[in-house]
Structure formats: structure tokens, C-alpha cells
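# A closer look at the structure
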Amino acid sequence: MKELKFAPVQGSEYAAQHDALFYLITALTVFFTLLVGVMILYLLIKYRASNKNVDRSNRIHHHLGLELTWTIIPTILGLGVFFWGMLLYKDSRTSDDNASDIYVVGKQWMWHFQHPNGLRENNELHIPLGRPVKITMISQDVIHALYIPQFRVQFHTIPGRYTTVNFTPNAVGKFNLFCTMHCGAQHSEMGGYVYVMQPDEYDKWLANGGNRFTKKADTMVESGRKLFVENGCVNCHQEKDTYRAPSLKGLIGKIRRMNDGRVLVGNESYIRESILMPYNNVLEGYENVMPVYPFTEEEVTQLVEYIKSLSGVSSEQRDARAASAVGPAKRRDDVAKQNNDANITKQVEATSAEEIHSEVTSEL
Amino acid sequence: MSNVVEKKNQKDSHMEEKNYITTDYTLKSWFITKDHKRIAMLYLVTVLIFFFVGSVAAGFVRFELTSPNGQFLESETYNRMFTAHGVVMIFFFLLVAIPAVLGNFLLPLMIGARDLAFPKLNLLSYYLFLGGALFGVTALVTGGVDTGWTFYTPLSSMYSNSQVVLTLTGAFIAGFSSISTAVNFIVTIHKMRAPGLTWFRLPLFVWAHYATSVIILLGTPVVAITLALVAVERLLHIGVFSPEYGGDPVLFQHMFWFYSHPAVYIMILPAMGVINEVIACFSRNRIFGYKFIAASSLAIAALGFLVWGHHMFVSSESYYQAAFFSLMSFLVAIPSAIKVFNWSATLYKGMIYVTTPMAYAIGFLGLFVIGGLTGLYCSCLATDEHLTGTYFIVAHFHYVMVGGTIMAFLAGIHFWWPKMTGRLYPESWGKIGMLIIFSGFHMTFMPQFIVGFLGMPRRYHYYYFAPEFQIYHVLSTAGAGVLAIGFMIPVVYLILSLKHGAKAPQNPWNAKGLEWEKVDAVPTTHNFHEIPVVNEPAYNYSIDDEPPIEAEKTRLGVVRESN
């Protein structure tokens, strides 16, 4: 039977932080509504025309002190809320380096999830408790938006570029998964559930091939490698740079200069664009010779994972490291240290503030 | 000849002069009129028809939502319903309701002009509006649109199988109507003020319309271009917004909201203008902080152009972009807060008469304060990430746009009804109607805040994934029923008043302002017998002013002798 709820369940660490801010704004809203409401009612009653026994002499029509008071106090309160919200939002938009990657392709009208081990799910997502998750998503047609109210996170799923959603579930349960950007006829049916499971149950679930959807034999990296070989990418993109094409080893996080002078950072979006529209970003020192490969978005995500594995930062590799690492989750520095190929930190530190900015921007 | 006799003669000759309604009864005289007052009345009838159409669509939407599995519509039809509701209400009602009806009628009267600067342009603007509206209606009856009023690409430009281009054309043409009205207002306010009517003696209604006109002039061309580009992509497959053709879907959102956020201020600033007039009149007090209110209108117009990105926090906007737009959104709230505090302070030491327009103005404050404060949730990055795209947003903007604009529209219509029609409406029914609308409004939209916080996405036909939302939808729909009854009450008594209402005296409220003091009970075609000279500040009320007309004299069917 339905029970009356006034607030959604808090399913992630972020949800509780979000709600603290939410209730603060609610307190401000209630306070100021009552302040204005009570003030108006009081004045209405006191100065009603039928009340002749009230002092109406010495009316004032302007008062700078009052104007400044009710300008400055709301401004200060507003700025306080702004800064809190801005900092909190940064947490929500920054992914943990140990996060498990999950790739999503949104299409009219379903969500298609791929786990790094190759397991696929439609409109359902199973994840273990306590492990940070980074969802990388892209749309195959119109704009969708992935929304999990119990985690308080939402972001648009856009055709033509990757966007992300980050969360760390901290409650076991079944949570809603909605599309919140109107996407056509069956928009309201483009939803499902997120299942957060105890880690041991999750492992069992994984071992049994997941749910009723078919388990793909290959991991995403394996599928990606197959595509890479079958389509002949490997002919040009070899272990070392050739005159035709650069090596893809260590690409992730690398600052790269294009032959038109632009500086880009090797990340998921960069890889995707280089596969689907290679003529857009030609690396400095190379010719525009790569043909267009019309992969599906799903195949592209597999290639992305494979190319990430060449930098040692595919989900599988990071999961393996996380499993071998002792203690709590490692942040960016630790991961990078273990990873000789990528040298991410060093390179990012070496670049100018502007380039770091462009990196952060493109990540966000 | 003595002075007295001369005045009497003058008065008699005026009595014989016909007012703007009685001057010519033919339909033709209405449809080719260049009189700003008649054009305002044409607009009034037109926008009320659209308000009715939009409300019917809303009724279908609300009824469908009483069950998690819908009631009887297909999802395709449901999507067309909420789109029709949005498009009609925004483009063909809210954007024009106050400026084109009350603004058109009152601006020349308030500044002592015989008409707007360009009467023919004014008539053209009405026909542009009507033309745009006809395209909109054609789109509606030939299948409707299912993209939502925001026309997000590439759904609108590539995927939607509905009358997108027709609707866009309608909005495009209606945009030019707005632009020509704005030009007319700006020139009129600059060039045609009566002698002595300096900028700081202008009624704040005029200031609000000035700020609105500036926004319209700067913003509308951008949306016109944007909508045209969508049509170009849809018809000619020239890639602008669709990634399949090398376009950028987020570009559309930037261009669209660059206009459509300021458009919110096009809807609310004139409403604020109305509230100034009504509160000052029925408090018998000068508006507190006149210059702050005037300046805050301009501040809203300026800052309003720097906040469009807050519609796109979760739409691939970078963290730094989002932080900038969030900051600007907090700042744009301040001028509105200043206005609310100043209106409240105007009541202090006032001689307050709670007539129907005043009741609506107070209702406006009640709803607008909640609407404004809930805007904090939406401008704050972290909370917006959760709430955007849900019913929380729906509730928020209905509090501002319906709570704000429609309450003020009703306040204005009641306040100036005697001037517009020469008739009084029944005061008692007026207040009953206001109370029902006010409570119906809260019943409709308060539950939507809760269900939005719970995570109910907007534009959902079904919500069987989360059937626990049903109770809030049922409450909301019940509230919409009350709201509908509330809206019918003024429609009925105002129409009845045209025939059975008591004849209005020249200044039933004993209000200040040229339109009350220097114009006949019903204005003549040229408004003023002689151009007035202004030598006092706006709202020069005092506690010794005569009270407004007694409620008993406003009942329907009471025959009053005209004075």
C-alpha cells in the first residue's frame, strides 16, 4: 500500500549533504514567507481605513537605511547559499578515481548500460554498496537526462558528446531511474530501477551472469580490442608512433596539440570524436588521413575502454588495483603512481593553469 | 462671463462627446481602429480566448495525472496537450496579457498622450499577433506539437513527427508583434510625456513597461533567429543543432534561453507595475522607495540577460559556467526582494481599503514571495541538480508566472475595468472570486513542490514506476478544479457588468494619476480634452482623500445616475 512520503530516501553520501542544504533553503523560504506575510497582515489590520485611531502622521516615503538593510541582508544570505551550493555541486560533479566506470547509451526510449566486464543491462542497473560509480553517457538520438532521485543526481544525456554522473550509493535498495528530459512519445516510460546490493551478493549476481539479460562473453576492453583489430586500426596505431599515426599508449590525460594550434586533453570525449570525426582533431605533425569509421555509440564506448586500457586506466585495471590496494579508496595521486605508462599527474602538473582549466572544463 | 458658467458650458459640451466605445459601433470600426484603447480591447478578447484554450489543455493534463497509468489519452496526445498548454499560455497569453492589454490601454492615458507614438504600428502589432496565433491554432488543430514549449533540439529539429514548423512560425510572427509594441512603448514614453511629467514623476507602471520593452527589443530577435534555425534544420537539413549534421544541440539551449529567461521578466515586470498602482491607491500612500523600485526594474532587465545558463546547469555546462550563472541568478533575485519590501512598507501608515484589486495585489505578494524564494532552490547548483526537470520546477514557475502575472493581471483588470468599460463590477463577488483563485492556486501547486522533491519528473504521462506520487497528483488536480471555478467567477460577473453593471463615475477609487483625474469616466478617442500639465509627484495620495466607491453601489443591476 502506498504510504505518504514527504522526502525521498537518501541513497547516497551526497544525498544527505544535499538535503542539509535543501532544508536550509526551506528554512529561509519559510522564514521570509512568514516574515513578509505576517508583516503585511499586521499592517493591513492596523492601518485598515475603518481604524481611525491610529497614528498616520509624519509619513515617510523613502529611507536609505531601510533600503540598504533589505538589500544587503538578502544578498549576504543569498551568497552564503550560493557558495555552499557551488562547493557541494563540485563534489557531485567530480568523479572518484577509483570509481567503477559504467557506460550508458540512451535512446528512444530505453537506457542501455554496459559494465566494464561486458555485462549489459537495459533500464536496470545493479551496483554494489559503497563503491563510487562514474556513469559516462551518450545519447544515440535526442537529448535525455539520467536522474536518480534517491541519489539526488541528474545530468543530460546528449547526442554527440559524453557527459557524466557520479555517486556513491550508501544504502541497499531499489531506487528510481528516470529520464527527465522530454524525449518524445514514450518519455515517461524511459525509466527503470537502480539496485544497490551488498558487495558479496553483487559478486554472486555477477558470477551468475547478472539478470535475465544476456551476459556478453567479452569484457568491454576485449570487445574493444577485437573492434580495434578487425577494423584495421592497429595497422596505423601501433606500439610506437609511426609516420601515419600516433601511438595510443598513454593517451589518457595527455595534453595534445593539434595541427591548427588548439590544445586538447586525451579523454573519453576526445577519443570518441577522433574515431567518429577524425578530421576534426588532427594531431600536430600528422596528416589528415584517417577515414571515418561509422561505429555505433556502444562500439565506441568499447573502443574507449580499450584505448583507456592502453594507458592503464580502464575500469578493469583500476578495479584490480583497488582490490590489491590496502585501506580506503585511493585518490588520483595513488592511482597515477601505480601507473607508469600514463604519468597523468606529472603531465597535468607540468601544464599551465589554462590548460588544466580546459581539462577540467572538458571533463565536466 | 463668469468662470463658473464657462466651466459648466465646457462640461456640457464634453457630455455630448462620445467616448471611445460609443463613437462607432460598427465591427469595421473596431478592426481597423488606430485607437490604442480599442486595440487593447481587441487584445483582451484575444488573449482571454487563448487563456481558455490553454486552460483546457491544462485540464486534460491534470486529469490524466490522477492515475499512475493515465486515464484515457495516448502518450502522444498527452505530450501534445502539455505542449499546447505551454505554447499557448506563454506565447499567446502571458507574454502579451499585461503589456498589450493594460499597457496599450493605459500608457498614453498615464503620460498624458493622445495615443501611442505609432498608432498604425500598434494595429499592425495586433494583426501580427493574431496572425501568429492563427498559425499556432492551425498547428493545434492539424495534429499539435509534442516537443514541449521549449522546442529542444534535436527532438524538435529531427525526431518529432508533429507540427513543429507551423508552431514555430506562429511564435516567430507573434515575436514581431512584441517587438513592434516595444518600439511603440519606448518611443511613446520618451517623446510623448505631458509637460511637467518628468521621469521620476512617472507612475511605476510606466517604468515597468519601459524596462519590459527594452527586454523585448533586445531578446525577441534572438529567439526569432533561433526558431528560424530550427525550421531551417528541420526543412532543409542544414546542420545547426543536430550532431548528425555536425551541429550542436546545446547551442540551441543557449540561444533559446538567452531570450526565454528574460521572457520571464517580460511576464513579471508589467505585473509588478500593476501592483504599484493598486497598492499605492488603496493605501492612500505614496509608494515607498519610488526610485529603488524604478531602478530595480532596470536592474532586473539588465541582470536578466546574464542568467540564462541557469536553465542548463545539468546540460553539459562546465562547472565554471554553472557557477557564474548560479551567482548571477542569486543577484537577480535581489531587485525583486527590494520591490516586495518596498510594497510592504507602503502599507505602513496607510489608509488601507481592501477592495478587489487590492485583494488581488495582496494575493500577488503572497504567491510571488513563495515563487521567488523557491527560485533559490533552482539557482543553487547543488539543489538544482536534484530538482531541475521535476515538478518542483513546475510548481516554482507556476507560482511566479501564474501566481505573479495572473494575479496582477486580474488586479489590473479589476482596477481599470471602470475606465475600460465604464461599468462597475460587484465588489462582493470580486473578493469571493479572489479567495477561491488564491486557495485553488495553493491547492494545485503546493503538492507539486513535494512530489517534485520526491523525484517526479515533469512532462511525464505515466508514473507507474513510482505510484506513491499519486496522492499528490490527485490533490493537485482537485486544486486545479477549484482554480477553474475561481477563474469562471470574474469572467461571469465582468461580462454581466457590461450590461447590468452600475455606471462608473470618472474616478470610482478616488485614485491619483492622469487616467483617473484628467480623463472622462470612459475616455474619448483622443483621451484628453486638453493636454494636462503635471506639477506633482506620482502617487500624491494623502489620508484625507475620499474613500473608494462603496461596495453597495457596485452591485449588478443598481442603476446609478452618472455624475
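Residues numbered from 1 in each chain as written. Chains lettered and ligands numbered in written order. Predicted model: local features only at pLDDT ≥ 70, side-chain atom pairs only at ≥ 80, totals over all residues. Heavy atoms only, no water.

Per the secondary structure count, chain A includes eleven helices and twelve strands. Across the 364 residues in chain A, those meeting the buried criterion constitute 54%. Excluding contacts between residues fewer than 6 apart, the proportion of contacts in chain A whose partners are at least 24 apart in sequence is 66%. (Helix = DSSP H or I, 4+ residues; strand = E, 2+ residues; numbered from the N terminus. Buried < 20%, exposed > 50% of the residue type's maximum accessible area, 1.4 Å probe, protein only. Contact = heavy atoms within 4.5 Å.)

A tally of helices and strands in chain B yields 17 helices and zero strands. Taken over the C-alpha trace, chain B has a radius of gyration of 24 Å; the compact-globule value for 563 residues is 24 Å, and the two agree within 12%. Here the contacts in chain B between residues at least 6 apart in sequence split such that 82% fall between residues at least 24 apart. For chain B, the accessible area works out to roughly 18800 Å², and carbon and sulfur atoms hold 67% of it. Of the side chains in chain B, 33 bear a positive and 31 a negative charge, and the two mean positions are spaced by 8 Å. (Rg over C-alpha atoms; globule rule 2.2 N^0.38 Å. Areas by Shrake-Rupley, 256 points an atom, 1.4 Å probe, with all protein chains shown as cover. Lys, Arg positive; Asp, Glu negative; His and termini not counted. Charge placed at Lys NZ, Arg CZ, Asp CG, Glu CD.)

With that out of the way, let us pick up the environment of V61(B). Residues and elements named next belong to chain B. Of note, V61 is situated in helix α3 (residues 36-64). Accessibility expressed as a relative area gives 12% for V61, which makes it buried. Considered as a pair, V61 and R459 are 398 residues apart in the sequence and their alpha carbons are 9.3 Å apart. What V61 contacts, discounting residues up to four positions off in sequence, is Y78, M81 and F82.

Our next topic: the side chain of H182(A). Looking at the secondary structure, you find H182(A) in the loop between β9 (173-179) and β10 (192-197). On the accessibility criterion, H182(A) (3% relative accessible area) is buried. Of note is the side chain of H182(A), whose polar atom sits 2.6 Å from the backbone oxygen of D146(B). In this structure H182(A) touches I143(A), H187(A), N79(B), F82(B), D146(B), T147(B), G148(B), L155(B) and R459(B), once residues within four positions along its chain are discounted. (Polar contact = N/O pair within 3.5 Å; in protein donor to acceptor, adjacent residues only side chain to side chain.)

Let us now look at the confidence of the model for chain A. Per-residue pLDDT for chain A averages 83, and the proportion of residues at 70 or more is 85%. Long-range and interchain partners of residues 326-364 of chain A, a stretch whose pLDDT sits below 50, account for 51 contacts in this model, where long-range means more than four residues apart. (pLDDT = per-residue confidence, 0-100.)

This paragraph deals with the sheet that holds strand β1 (residues 100-107) of chain A. All names here are of chain A. Spatial ordering of the open sheet is given by β3-β2-β1-β5-β8, a layout of five strands whose pairing is mixed. Both outer strands of the open sheet, β3 (120-122) and β8 (163-167), are each paired with one neighbouring strand and no more. Pairwise comparison of adjacent strand axes, ignoring direction, gives a mean angle of 25° for this sheet. (Pairing = 2+ DSSP bridges. Axes fitted to C-alpha atoms, helices over the stretch in contact; angles between N-to-C directions.)

As a further point, take the domain arrangement of chain A. Residues and elements named next belong to chain A. Assigned domains of chain A: these are domain 1 (7-42 + 66-216) and domain 2 (220-363). Taken together, the contact between domain 1 and domain 2 spans 25 residues of the former and 25 residues of the latter. The contact between domain 1 and domain 2 buries some 2100 Å² in all, and 44% of this surface belongs to carbon and sulfur atoms. Counting across the domain 1 and domain 2 interface gives three salt bridges. In this structure, R120 and E298 form a salt bridge, with 2.2 Å as the shortest nitrogen-oxygen distance. Counting the contacts that link domain 1 with domain 2 gives ten residue pairs in polar contact (both at pLDDT 80 or more). Residue assignment for the side of domain 1 that touches domain 2 shows that the elements contributing at least two residues are β1, β2 (110-114) and β5 (133-139). Ranked by residues supplied to the side of domain 1 that touches domain 2, first place goes to β1 with four residues. (Domains from an automatic or database assignment. Buried area = accessible area lost by both parts, 1.4 Å probe. Salt bridge = Lys/Arg side-chain N within 4 Å of Asp/Glu carboxyl O.)

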